[in-house]
Amino acid sequence: MDELKLRNVHLQPVQNQIRHNTDGLSSSTLVLRRGQPFTILINYDGRPFDPLKDKLVFQIVLVPLSEEVPVSVSGNPSPSQWSAILERSAPDPNAGRTQAVSLFSPASSPVGVYTLHLRVETRGSIKTHVLGQFTLLCNPWCQADSVFLPSEDLRNEYIRNDIGLLFKGSPSNIESRPWSFDQYEKGILDICMKLLELSPQSQADARKDLLNRSNPVYISRVISAMVNFEDDKGVLIGKWSGNYNDGVNPCTWSGSADILREWAATQFSPVKYGQCWVFAAVMCTVMRALGIPTRVVTNFNSAHDTNANMVIEEYYSEKGEKLSIGRDRIWNFHVWVESWMKRPDLDGGYDGWQVLDPTPQEISAGVYRCGPAAVKAVHEQKVNAPYDVPFVYAEVNADVHEIIIRDGKVLATSIDKDRVGALICTKRPGPAMVMQEITAEYKTEMARGGGGTAERFVRQGVGVSLELLKAPVVGENLSFIVKITNNMAIPKLLRKHVNAQNKEYNRDPAGTFWEDHDDLKIGPNETVTVEHEISFTEYMLNEAMEDCLVNLAVVIEDVQSQESVLASEEFNINSPTLNIQIQNEYSVIINTDQVATVTFTNPFNVAVSGDLIVMGSGLLEEKVQMRLTIQPRETMKRPIRFIPWMTGAKMLHAFLELTDRSTVLRGFKTVTVQAA
């Protein structure tokens, strides 16, 4: 009888990837999850395979690591090492013989791109064949994996979902920012694997790095550093002010694929530019692609406590102008990610969500990165727990000291314990694009400062507060009231100073763009309300921004006692939105022509121009871009044709940057694409 002769091996990518929940991920290799068997078919000619005479040995190679795995005829897989078990033999008169083999990887296998070899040993020969490559990811479906997540709904949200919302603005006026994570886009998984390969840890000691890649704590620290460019060949350079002419204005990014592809296409040169929500969204893409459940989180009124004293000092002049003194800051919002994993390096009870922050703020063990900091450790003030728990704790809990000064002398000080960490939120799991508050997971008290009414400062004699009369919208005037209360039984002469400054979300305000100063008399125990209005032309920005923020402050000075009190409010100004409607939106079928319509009515008194860009992962192969000019009060309608190529929940996203209004307009529409 003829000698056993290998013809080919079929890795069964379609069947294996469906079973491994990696279907849809685009890679040059087979994509698998650790801790779960996969089956390959060995096709051969000649006599039947005889386990007494023949030997099949797989070699699993993750350079420079290698492991030999002999095929067993029967038995159970080992939980701690690779194993291979013969399944069946099936003769095929047309294709010779076929042998199915199941290979099992331990749930603690390193994440990486492996090469699979097969050595066939018979009495007559020994031959080794290269079968191909496979990418091995973490497995939240496997109980033995340290990223195991027990809920299928949560796995779908935090691993498989490729669309989401980022939350920005202020606690009283939250903006929902659509983002496409794009982990299913062509080539993105391979690029994500490059972040691990190009890390300083891998370049310095590849063997040690690969052994450590079994641990999501280690992986997450590497990715947190590699998303920014500060210490390595990272993805993004941060920039928070000035012009962005030599790169991309961070507010115009809408998805992760463009950023990651540009990084790869330029020989891994850093992409210009990112800000906190861009860093976080890109990290979310990478972590989901690697199989680690991840969500994007916003902390409103986030403290950046550079001297670790848990106090942020804010200084105002006696005329209400916020001053740039000191390095500590309160960001109106800050965006990071949480990833789900076990923490065997900590005492029990700290498994679950871990804070990771790729925005380069402070150094952690010599590198710009942050985390993983267990959310539960932040909640319990376990500040000695690795990694970076004290920094995260301060971001959500620091006290704010507001100080009025004149000629270097302190006139008044007030302490606000509620403003920092006023609201912490993420997208709610499921198809609805809505917010989920998670403040209570971080903070022992539900401090909810920053509501619709500014903080009320009460002293012995006078109290003052600020209140916006309606949600601010770009193009409209800002209307607010100042409410002053005389707490004494005698009349008073007061000086009122109101000051408004433009600001960016992560820094002190720029110069004053509007102010009002006058004297007023107030009777015993009287409350006086003064209404103010700031016109659009007075607060309009020169630089295109989607985070148009205003610092508004009022100082009331008692002329006789020289007592001063302060009320302040920082708020964002919403941009008008684009409307997207999809024809027959409840019967959108894969691979069939569909039509969406983007609509916008110009609210301004002048014509506006800009580029309309529409995109949608799984819906549009290429972005749709067109130049528009819209007359005052004119309604623009533009049809967008698309052919969905993926099933499931998808999102069309449109944005229009108005070149003459310094404003970015956005709109999005989610749709469920059904199978044919």
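Residues numbered from 1 in each chain as written. Predicted model: local features only at pLDDT ≥ 70, side-chain atom pairs only at ≥ 80, totals over all residues. Heavy atoms only, no water.

Caption draft 1: Here's a closer look at the nonpolar core. In terms of nonpolar packing, the biggest core is built from 72 residues, with Trp179, Leu195, Ile223, Ile259, Trp263 and Trp277 touching the most fellow members. Looking at this core, the element that brings in the most residues is helix 8 (residues 276-289), giving 12 residues. Counting residues in each nonpolar core, the second largest holds 57 residues, with Val482, Phe513, Val614 and Met636 among its members. (Core = buried A, V, L, I, M, F, W, Y, C linked by side-chain atoms within 4.5 Å. Buried < 20%, exposed > 50% of the residue type's maximum accessible area, 1.4 Å probe, protein only. Helix = DSSP H or I, 4+ residues; strand = E, 2+ residues; numbered from the N terminus.)

Caption draft 2: Representation of helix 3 (residues 188-197) in the model. Burial runs high along helix 3: 7 of the 10 residues are buried. What helix 3 keeps buried is the set Ile188, Leu189, Ile191, Cys192, Met193, Leu195 and Leu196.

Caption draft 3: Structural detail: the sheet that holds strand 30 (residues 512-522). The 4 strands lie next to each other as 30-29-32-33, forming an open sheet whose pairing is antiparallel. With partners counted over all chains shown, the strands left at the sheet margins are strand 30 and strand 33 (564-572), one partner each. Taking the axes of each pair of neighbouring strands and ignoring which way they run, one obtains an average angle of 15° across the sheet. With 10 bridges connecting them, strand 29 (residues 492-503) and strand 30 associate as antiparallel partners. Within the sheet, the bridge partner assigned to Leu493 lies in strand 30 and is Lys521. (Pairing = 2+ DSSP bridges. Axes fitted to C-alpha atoms, helices over the stretch in contact; angles between N-to-C directions.)

Caption draft 4: Molecular detail of helix 10 (residues 389-397). Counting buried residues along helix 10, 8 of its 9 residues qualify, which places the element largely inside the surrounding structure. By the burial criterion, the buried members of helix 10 are Val389, Phe391, Val392, Tyr393, Ala394, Glu395, Val396 and Asn397.

Caption draft 5: Highlighting the packing of aromatic side chains. Overall, the coordinates contain 18 aromatic pairs when judged by the stated rule. Between the aromatic rings of Phe536 and Phe604, the centroid separation amounts to 5.9 Å while the plane-to-plane angle is 25°, which identifies the pairing as stacked. Of this pair, Phe536 sits in helix 12 (residues 536-539) while Phe604 sits in the loop between strand 35 (594-601) and strand 36 (608-615), and the two are 68 residues apart along the sequence. For the pair shown, Phe536 and Phe604 are each scored as buried. (Phe/Tyr/Trp six-rings, centres within 6.5 Å; stacked < 30°, edge-to-face > 60°.)

Caption draft 6: A look at the pattern of salt bridges. For the coordinates displayed, the defined rule picks out 35 salt bridges. For the salt bridge of Glu185 with Arg261, the shortest nitrogen-to-oxygen distance reads 3.5 Å. One end of the pair, Glu185, is in the loop between strand 11 (173-180) and helix 3; the other, Arg261, is in helix 7 (residues 256-265), and 76 residues separate them in sequence. Two residues, Lys194 and Glu197, come together in a salt bridge whose shortest N-O distance is 3.1 Å. With Lys194 and Glu197 both in helix 3 and 3 residues apart, this pair spans about one turn of that helix. The exposure class of Lys194 is partly exposed, given its relative accessible area of 28%. (Salt bridge = Lys/Arg side-chain N within 4 Å of Asp/Glu carboxyl O.)

Caption draft 7: A look at unusual backbone geometry. The residue after Val63, namely Pro64, is reached through a cis peptide bond having omega 5°. By secondary structure assignment, the location of Pro64 is in the loop between strand 4 (55-62) and strand 5 (65-72). Between Gly371 and the following residue, Pro372, the backbone shows a cis peptide bond with an omega angle of 5°. Checked against the element boundaries, Pro372 lands in the loop between strand 20 (367-368) and strand 21 (373-374). One non-glycine residue with positive phi stands out, namely Phe268, at about 65°. You can see Phe268 is positioned in the loop between helix 7 and strand 13 (271-274). You can call Phe268 buried: its relative accessible area is 19%. Unusually for a residue other than glycine, Gln562 sits at a positive phi of about 65°. Turning to its location among the elements, Gln562 is positioned in the loop between strand 32 (549-558) and strand 33. Overall, the relative accessible area of 42% leaves Gln562 in the partly exposed class.

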